[in-house]
Amino acid sequence: MNVNYELTGPDGAPVVVLSNSLGTDLTLWDEQVPALAQELQVLRYDQRGHGGTTGKPGPYTLKQLGGDVLALLNTLGIRRAHFAGVSLGGMTGMWLAENAPERIDRLALICTSADLGPASMWRDRASVVRNKGTQAMVEPSLPRWFTPELVGRADIVEKFGGMLAAADDEGYAGCCEAIADMDLLPKLGEITAPTLVFAGAEDPATPPSHAEQIAAAVAGARLEVLSPAAHLANAEQPEAVNRLLLDHFTRSL
Ligand SMILES: O=C(O)CC1=CCC(=O)O1
């Protein structure tokens with residue numbers, strides 16, 4: 001498998017890995033890279049079956065998605081990194097912090113969940129996408145991803161609608177099945193990475209209660225609720241997210 005990635009920022013600075021959500025690609029982080037790369041090496045990549053990362057036919061598992069990150073870090077000779085993920089990217093981050101804690105320094109979880117059931121809903125969505133393609137997901141997804149003020153904006157529809165329609169059908173479906181089968185809750189309390197959890201106050205996909213559940217289970221975790229923001233809060237509130245991420249990843253503990 002070929003993982004598509006981009007590494008920017010000052011040589012020798014700590015590395016932060018950025019992991020995208022279902023149906024997006026590494027350009028989800030366009031508003032973060034210039035700010036974070038002033039102080040960190042930023043390693044953004046495309047999840048399996050998304051963007052330029054090829055994927056075998058699904059179903060996938062979070063273990064495979066986390067394994068893709070570990071393989072990329074190994075290839076680049078990076079022993080330990082900070083990690084930020086949106087939604088599916090956050091699930092990948094929780095899997096890594098639970099199962100490879102020696103590789104993850106600090107964690108930022110943006111609009112994600114440790115338990116996003118029912119599993120049948122994700123299997124049904126996988127089947128719809130295998131039959132009709134990711135284009136069929138554009139209309140229902142954009143109102144989950146953005147608040148009403150942004151959802152109809154031409155640049156948003158072009159960038160994010162285009163990204164989703166271009167996502168590989170099998171890659172999207174395989175990732176839906178990884179969400180259906182995820183089992184992150186039992187080990188959440190074992191996470192030792194300093195963790196910052198974000199919620200979008202208007203997020204219908206992973207409402208703030210999911211972030212509260214994570215923040216309550218992870219020792220010392222801090223919760224930030226952004227408003228106005230729906231599911232892709234890093235795109236909707238880039239200045240606030242950048243400031244909080246930079247502080248989380250660079251401040252002395
Ligand atoms: O349903 C959506 O599009 C929101 C979402 C759930 C998991 C993910 O990565 O995005």
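Calculation notes
Residues numbered from 1 in each chain as written. Predicted model: local features only at pLDDT ≥ 70, side-chain atom pairs only at ≥ 80, totals over all residues. Heavy atoms only, no water. Buried < 20%, exposed > 50% of the residue type's maximum accessible area, 1.4 Å probe, protein only. Helix = DSSP H or I, 4+ residues; strand = E, 2+ residues; numbered from the N terminus. Arc of directions from axis to C-beta. Axes fitted to C-alpha atoms, helices over the stretch in contact; angles between N-to-C directions. Parallel < 35°, antiparallel > 145°, perpendicular 65-115°, else oblique. Contact = heavy atoms within 4.5 Å. Nonpolar A, V, L, I, M, F, W, Y, C, P; charged D, E, K, R; others polar. Pairing = 2+ DSSP bridges. Core = buried A, V, L, I, M, F, W, Y, C linked by side-chain atoms within 4.5 Å.

Going by the annotation in an unreviewed UniProt entry, the name recorded for the chain is 3-oxoadipate enol-lactonase, with Saccharopolyspora spinosa given as the source organism.

A. Highlighting helix H5 (residues 135-145). Among all positions in H5, only Met137, Val138, Ser141, Leu142 and Trp145 are buried. Projected down its long axis, H5 shows its buried positions confined to an angular sector of 125°, all on one face.

B. Expanded view of the packing of helix H4 (residues 119-132) against H5. It is at 9 Å that the axes of H4 and H5 come closest, and there the two elements cross at 135°. If you check the angle between H4 and H5, you find them oblique. On H5, the residues touching Arg125, Val128, Val129 and Lys132 of H4 are Ala136, Met137 and Arg144. Looking at side-chain class alone, the contact of H4 with H5 contains four nonpolar, no polar and three charged residues.

C. Region of the structure containing the sheet that holds strand E3 (residues 41-45). The mixed open sheet is built from seven strands, whose spatial order is E1-E3-E2-E4-E5-E6-E7. This sheet does not close on itself; its edge strands, each paired only once, are strand E1 (5-8) and strand E7 (222-226). When the angles between neighbouring strand axes are averaged without regard to direction, this sheet yields 15°. Bridge count for strand E4 (residues 81-86) against strand E5 (residues 104-110) is five bridges, and the pairing is parallel. Across the sheet, residue alanine 81 finds its bridge partner in E5, namely isoleucine 104.

D. Seen up close, the nonpolar core. Among the nonpolar cores identified, the biggest contains 87 residues, and Met91, Met94, Phe160 and Phe198 are the most heavily contacted of them. For this core, the leading source of residues is helix H8 (residues 169-180), giving seven residues. In this structure phenylalanine 198 touches Ala108, Leu109, Ile110, Cys111, Ala211, Glu224, Leu226, Val241, Leu244 and Leu245, once residues within four positions along its chain are discounted.

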